[in-house]
Amino acid sequence: MKKLTYQSTRGGESGVTASQAILKGIASDGGLFMPEEIPQLDKTMEELSGLSYKEIAYEVMKLYLTDFTKKELQDCIEKAYDSKFDTEQIAPIVKAATAYFLELFHGNTIAFKDMALSILPRLMTAAARKNKVDKEIVILTATSGDTGKAALAGFADVPGTRIIVFYPKNGVSHMQELQMVTQKGDNTAVVAIHGNFDDAQTGVKKIFGDEEFGKKLDAGGFQLSSANSINVGRLIPQVVYYVYSYANLLARGEIEDGEKINVAVPTGNFGNILAGYLAKQMGVPINKLLCASNDNRVLYDFFTTGTYDKNREFVLTMSPSMDILVSSNLERLIYLSAGCDAKKTAKLMKDLAEKGSYTVTKEMQKRMKDFVGGFATEEEDAKAIRELYKNRGYVIDTHTGVAAAVWKHYRDESGDDSKTVIVSTASPYKFSRSVLEAIQGPSMMEDEFEIAEELQRISMVPVPNAILELRDAGVRHTMECDAADMEEAVAGILGIA
Ligand SMILES: *Cc1c(COP(=O)(O)O)cnc(C)c1O
């Protein structure tokens, strides 16, 4: 098979193999790795409809990760999508109201980040062997809540790796924080930042770009990598469930072969929805991609005006994993819409870094017409959750609620009633209080576990193990620091101060 190589969206690197791109995470010029071309599926939807999630994972990943052997890929897939998931379907699709909810929260941290982060450590260690890396790989990650736990769980006690996670002290849910600070594993560290997610993300990017610090790490026997959603090792496993969704709906007779569907995706860093776009480019009959934002509606404004402007108030919402003003993966769409013009992309990203905003050309805007921007306020989110429960008895989380609200709004406004897959990104139990209050109004209950039990009573879905095990888990991580001191924190943790 033809070898696919990767290049930086900013032009500084090209001819990079998939395994190198996974190891590096981010290109040395600060750009993101993109395949030199988007591969086409080499099986028909009809053929794919007979395959399992794992088999489809192989069919998709083999097209992108061409320097991995069949055995390596299958091995990674087998070990990633095993009994850590509480259903053999891995990503079940539930029909409720007139939409299909693609449940991506059946992994061990009950959010969709598990879909990619249960396989990334496998891909990374295989890539390290392939490239004869002799240093310990240090995963540095900023999290808006869910990436952190999923990455910690994925990398805990994986030989040859360390993982350090930074999260905004007051920017994650109680359950998300508990999940992280109780993480086991001798190679794990968790640090709370006095700042928001963007501060944490900027801090991590800064560490990656600091050459002096890189030398210090190198001398200490370490090499940095990223588990953030900019890593192609996360992006590509996420393409799988869009292909799987279509194949599954086809197998169930819910759609005709070739019938176009829409997808609605609750969006923060733009990684999940970009994977859906790649699936479309590979040949999956997807029409519109509904990009659903919460009150941090920077992407909605971008798709409606062509101007991306992060100079605005950062709002804390009940969908914290989408409280983001700098959507890193959007750079990949910018690059594609610029006709893979790295110079143009680099210029726009420079504008973003210097002024906090940039404007794309009319031509580029036209090339992005597959995307429809939408947003839901807190009340609209709560209403979507409440109505779905009242009408169908189906409980969704606060992030999925944003997508459900945006989908309804879009359908009513546009009259486009194509079948739609709503990407369901977290278990309602991860945000029990907000979900329960959306359904029942303000709650007097203080104890999070009591709230979870009440949610169990009304939803008749058992409380997942991921929540139950937190009840007695001891806190293992208590480090805090200012966003400006993250590099020092890393040095301290690694003992290279
Ligand atoms: C991370 C996350 C999102 C946003 O996904 P992106 O890929 O960052 O756009 C949405 N919902 C939940 C529950 C998440 O954890």
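Whatever comes next refers back to the structure up there.
Residues numbered from 1 in each chain as written. Predicted model: local features only at pLDDT ≥ 70, side-chain atom pairs only at ≥ 80, totals over all residues. Heavy atoms only, no water.

### Some thoughts on the packing of aromatic side chains
Then, in step 1: Overall, the coordinates contain 14 aromatic pairs when judged by the stated rule.
Then, in step 2: One aromatic cluster in this structure is built from Phe270, Tyr277, Phe302, Phe303, Tyr308, Tyr358 and Phe371.
Then, in step 3: The aromatic ring of phenylalanine 68 is capped on one face by lysine 130, whose charged end is 5.1 Å from the ring centroid.
Then, in step 4: The ring of tryptophan 407 carries arginine 411 above its face, with NZ or CZ at 4.6 Å from the centroid. (Phe/Tyr/Trp six-rings, centres within 6.5 Å; stacked < 30°, edge-to-face > 60°. Lys NZ or Arg CZ within 6 Å of the ring centre and 35° of its normal.)

### Things to note about the packing of helix 9 (residues 197-209) against helix 22 (residues 486-494)
Then, in step 1: Packing of helix 9 against helix 22 leaves a shortest axis separation of 9 Å and a crossing angle of 65 degrees. Where helix 9 approaches helix 22, its residues Asp199, Ala200, Gly203, Val204 and Ile207 are matched on the opposing element by Met486, Glu487 and Val490.
Then, in step 2: Taken together, the residues that form the contact of helix 9 with helix 22 break down as five nonpolar, one polar and two charged. (Axes fitted to C-alpha atoms, helices over the stretch in contact; angles between N-to-C directions. Helix = DSSP H or I, 4+ residues; strand = E, 2+ residues; numbered from the N terminus. Contact = heavy atoms within 4.5 Å. Nonpolar A, V, L, I, M, F, W, Y, C, P; charged D, E, K, R; others polar.)

### A few points about the nonpolar core
Then, in step 1: Among the nonpolar cores identified, the biggest contains 115 residues, and Tyr6 and Leu65 are the most heavily contacted of them.
Then, in step 2: Top element by residues in this core is helix 11 (residues 232-251). It accounts for 13 residues.
Then, in step 3: In contact with leucine 65, not counting residues within four places along its chain, are Tyr6, Ala18, Ile22, Leu73, Leu123 and Ile236.
Then, in step 4: Counting residues in hydrophobic clusters, the runner-up holds 45 residues, among them Ala264, Val395, Ala438 and Ala466. (Core = buried A, V, L, I, M, F, W, Y, C linked by side-chain atoms within 4.5 Å. Buried < 20%, exposed > 50% of the residue type's maximum accessible area, 1.4 Å probe, protein only.)

### A word on the site of the ligand
Then, in step 1: Neighbouring the ligand are 15 residues, the closest being Lys113, Asp146, Gly268, Asn269 and Thr425.
Then, in step 2: Between an oxygen atom of the ligand and a main-chain N or O atom of glycine 268, the distance comes to 2.8 Å.
Then, in step 3: Between an oxygen atom of the ligand and a main-chain N or O atom of asparagine 269, the distance comes to 2.7 Å.
Then, in step 4: In isolation the ligand exposes 390 Å². Once the protein is present, 98% of that is buried.
Then, in step 5: Because more than half of its atoms lie within 2 Å of the grid, the ligand is assigned to the largest cavity.
Then, in step 6: Residue composition of the shell around the ligand, grouped by class: five nonpolar, eight polar and two charged. (Near = heavy atom within 4 Å. Polar contact = N/O pair within 3.5 Å; in protein donor to acceptor, adjacent residues only side chain to side chain. Areas by Shrake-Rupley, 256 points an atom, 1.4 Å probe, with all protein chains shown as cover. 1 Å grid on protein atoms, 1.4 Å probe; cavity = no way out; pocket = protein on both sides within 12 Å on 5 of 7 lines; lining within 4 Å. Sits in = over half its atoms within 2 Å of the grid points.)

Keep in mind that these numbers describe shape and distance, not what the molecule does.
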